[in-house]
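Now for the letters of each chain:
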Amino acid sequence: MTALQLLFYICAALLFQLTIGIGLAAWRWRRNVTSPTTLPFEAGAREQTVAWPGLRDFRVLRRQFEDALLTQCSFHLVPVDGVALPPFRAGQFLTFALDIPQPAGGASRAITRCYSVSDAPRPDAYRITVKRVPSPPNRPELPPGIASNHLHDRVQEGDLLRVRAPSGRFFIDAETEVPAVFIAGGIGITPMMSMLGWCLEKQPGRVLHLYYGLRHGGEHAFKASLEALAAQHPALQLNVVYSQPGPGDVLGRDHQHAGYVDVALLRQTLPHDRHAFYICGPPPMMASLIPGLIEWGIAPQDIHHEAFGPASLAPVQAAAGEAATVIATAVDIQFRRSGRTLMWDGQDASLLDFAERHGVAVESGCRSGSCGSCETAILSGTVRYAVKPDHDVAPGRCLLCVGTPSSALVLDA
Ligand SMILES: Cc1cc2nc3c(=O)[nH]c(=O)nc-3n(C[C@H](O)[C@H](O)[C@H](O)COP(=O)(O)OP(=O)(O)OC[C@H]3O[C@@H](n4cnc5c(N)ncnc54)[C@H](O)[C@@H]3O)c2cc1C
Ligand code: FES
């Protein structure tokens, strides 16, 4: 064999190896992106699990009201492609891209909304539970909630919904069996149903306390299933608290306490021990509970919480004394695509509020840093967050809903 032939064979072998290597890497990447079923349900990572890119079609298999007043409706969703669902962390939410028909037959309006999965992770279906949102009682002239009313009134069994993969950082910590205290106010019960279901199945010995605050029995969702779970699992302590019990509501039968879920009740009823707290409820409940728990001596890392809407809650760190600072000096914010340059004057809580106040059209969903709908490229300048958002923000991009400028900005919006 000549030296030239030898060189040829070496080059051919190297080329072959390179081709195999690239092919293997591409296959692994594709498998991770498109075939999440290969991931184990119990993957130990604490990160968000993004299981499919973009939107996926789901069919509404079943609808079911969960309360006597028919204000909370569950939707059981199955993937149209029939591929098994990827793993997710109990407590996470789905993001829905809804096309909402406008009255008078105008073009439909695209709306993004998040809904927590309301049962334990399973490979074939998701369940969400949506509360119908009326006009605010003191502003009857305002329209009722767009997405919740659309889902209640128009989305029927057999209909399709476009859904982003589960995400969010409010989920049960699977690496500990420290007694868990789930505190739900109203529709804040949904992520708790998922976490409870997961714990009872995967950590049957774990002590669980559910505090569920409601006004009265009419809005008591999942009543029969919660009572059945508590009867079946002695490790689950049910504490249902009605603030305005109705004439038919019986203390000791329908609810265990009258009043509110507050720190006084927790101190009275919880054993003196370490607990992991998971809280989701309306702003007044969370605004009093979280600082109250910290004052009681609960470590901030044992308090996990989620707000179902606009940044309705001071973050735990702020409650613990670390003040959130918002830049107050005047800086220019340029929305490049909209062709608008406006002066930030520190009046708004976020760049999203600022954009909307000035009529600049920007995408939004959760308005609390969780869903990524408002993620926008920063062409120049810097953005700060009072606390790290739940959604992982890509480099060079920002979340308008929880960000404020820390310099002049040019945004691709
Ligand atoms: C992570 C996450 C998880 C969630 N999980 C759930 C869940 O499991 N179940 C659930 O039911 N919800 C959940 N939500 C809340 C849900 O995403 C929606 O915010 C909720 O359904 C209300 O949306 P809507 O479009 O119906 O109301 P919107 O149209 O957003 O209206 C909200 C309220 O604002 C009022 N309003 C309308 N116009 C104005 C105006 N001009 N000025 C002032 N007020 C006005 C409306 O009357 C209504 O009372 C979750 C939210 C997040 C962020
Ligand atoms: S609107 Fe959801 S992250 Fe900003």
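Before reading further, recall that the structure is shown in the block above.
Just so you know, these numbers come straight off a predicted model, no measurement behind them. (Residues numbered from 1 in each chain as written. Chains lettered and ligands numbered in written order. Predicted model: local features only at pLDDT ≥ 70, side-chain atom pairs only at ≥ 80, totals over all residues. Heavy atoms only, no water.)

A. Geometry of the overall build of the protein. Looking only at helices and strands, the protein features eight helices and 19 strands. Per-residue burial for the protein yields a buried fraction of 45% across its 413 residues. If you take every contact in the protein between residues at least 6 apart in sequence, the share linking residues at least 24 apart comes to 64%. On the protein, roughly 20,300 Å² of surface is accessible, and the fraction owed to carbon and sulfur atoms is 58%. (Helix = DSSP H or I, 4+ residues; strand = E, 2+ residues; numbered from the N terminus. Buried < 20%, exposed > 50% of the residue type's maximum accessible area, 1.4 Å probe, protein only. Contact = heavy atoms within 4.5 Å. Areas by Shrake-Rupley, 256 points an atom, 1.4 Å probe, with all protein chains shown as cover.)

B. Inspection of the packing of aromatic side chains at higher detail. Tallied over the entire structure, the rule returns nine aromatic pairs. By way of ring pairs, the aromatic residues Trp52, Phe58, Phe88 and Tyr126 are connected into one cluster. The ring centre of tryptophan 52 lies 4.8 Å from the NZ or CZ of arginine 56, which sits over that ring. In this structure, arginine 89 is placed above the aromatic ring of phenylalanine 171, and the distance from its NZ or CZ to the ring centre is 5.7 Å. (Phe/Tyr/Trp six-rings, centres within 6.5 Å; stacked < 30°, edge-to-face > 60°. Lys NZ or Arg CZ within 6 Å of the ring centre and 35° of its normal.)

C. Region of interest: the site of ligand 1. Close contacts around ligand 1 come from 27 residues, with Cys114, Tyr115, Pro143, Ala147 and Ser148 the closest. Contact between ligand 1 and arginine 113: an oxygen atom at 2.8 Å from a side-chain N or O atom of the residue. Contact distances for ligand 1 include 2.8 Å between an oxygen atom and a backbone N or O atom of alanine 147. Within the complex, 75% of the 990 Å² of free accessible area of ligand 1 lies under protein. Examining the composition of the shell around ligand 1, we find that four residues originate from one element, strand 4 (residues 109-116), more than from any other. Considered class by class, the residues forming the shell around ligand 1 number 16 nonpolar, eight polar and three charged. (Near = heavy atom within 4 Å. Polar contact = N/O pair within 3.5 Å; in protein donor to acceptor, adjacent residues only side chain to side chain. Nonpolar A, V, L, I, M, F, W, Y, C, P; charged D, E, K, R; others polar.)

D. View of unusual backbone geometry. Backbone geometry places leucine 70, a non-glycine residue, at a positive phi of 60°. Checked against the element boundaries, leucine 70 lands in the loop between strand 1 (55-65) and strand 2 (72-79). Classification of leucine 70 as partly exposed rests on a relative accessible area of 46%. Phi at phenylalanine 222 is positive, roughly 55°, even though this residue is not glycine. Examined against the element boundaries, phenylalanine 222 turns out to sit in the loop between strand 8 (208-214) and helix 4 (223-232).

E. Quick peek at the nonpolar core. Counting 29 residues, the largest nonpolar core has Phe182, Ile189, Met192, Leu210, Tyr212, Leu226 and Tyr278 as the members making the most contacts within it. Put simply, the parts of the chain that give this core at least two residues each are strand 7 (180-185), helix 3 (189-202), strand 8, strand 9 (236-242) and strand 11 (276-280). The element that contributes the greatest number of residues to this core is helix 3, accounting for eight residues. Excluding anything up to four places from it in sequence, tyrosine 278 contacts Phe170, Phe171, Ile172, Asp173, Ala180, Val181, Phe182, Ile183, Met192, Met195 and His304. Grouped together as the second largest cluster of nonpolar side chains are 25 residues, Leu77, Phe88, Ala147 and Ala165 included. (Core = buried A, V, L, I, M, F, W, Y, C linked by side-chain atoms within 4.5 Å.)

F. A look at the sheet that holds strand 11. The strand order across the open sheet built from six strands is 10-9-8-7-11-12, with neighbouring strands paired in parallel fashion. Of all the strands in the sheet, the pair left with one neighbour each is strand 10 (257-258) and strand 12 (303-306). With two bridges connecting them, strand 9 and strand 10 associate as parallel partners. Bridging from a neighbouring strand, valine 241 pairs with histidine 257 of strand 10. Lying over the sheet, helix 6 (residues 283-296) contacts strand 7, strand 11 and strand 12, oriented at roughly 165° with respect to strand 11. (Pairing = 2+ DSSP bridges. Axes fitted to C-alpha atoms, helices over the stretch in contact; angles between N-to-C directions.)

G. Up close: the pairing of strand 8. The element strand 8 is largely enclosed, with a buried count of seven among its seven residues. Neither face of strand 8 is exposed, since Leu208, Leu210, Tyr212 and Leu214 on one face and His209, Tyr211 and Gly213 on the opposite face are all buried. Two elements, strand 7 and strand 8, share six bridges in a ladder whose sense is parallel. Among the inter-strand pairings, alanine 180 is bridged to a residue of strand 8, identified as leucine 208.

H. Structural detail: helix 2 (residues 146-154). Inspection of helix 2 places Ala147, Ser148, Asn149, His150, Leu151 and His152 among the buried residues, and these make up the whole buried set. Looking at the packing, one finds that the buried side of helix 2 touches strand 1, strand 2, strand 3 (93-100), strand 4, strand 5 (126-131) and strand 6 (160-167).

I. Up close: the sheet that holds strand 2. Across the sheet, which stays open at both edges, the six strands sit in the order 4-3-6-1-2-5 with antiparallel pairing between neighbours. Pairing within the sheet leaves two strands with one partner each, and these edge strands are strand 4 and strand 5. Taking the axes of each pair of neighbouring strands and ignoring which way they run, one obtains an average angle of 40° across the sheet. Bridging between strand 1 and strand 6 involves five bridges; their strand directions are antiparallel. Bridging from a neighbouring strand, phenylalanine 58 pairs with leucine 161 of strand 6. Contacts from helix 2 reach strand 1, strand 2, strand 3, strand 4, strand 5 and strand 6, with the element oriented near 85° to strand 4.

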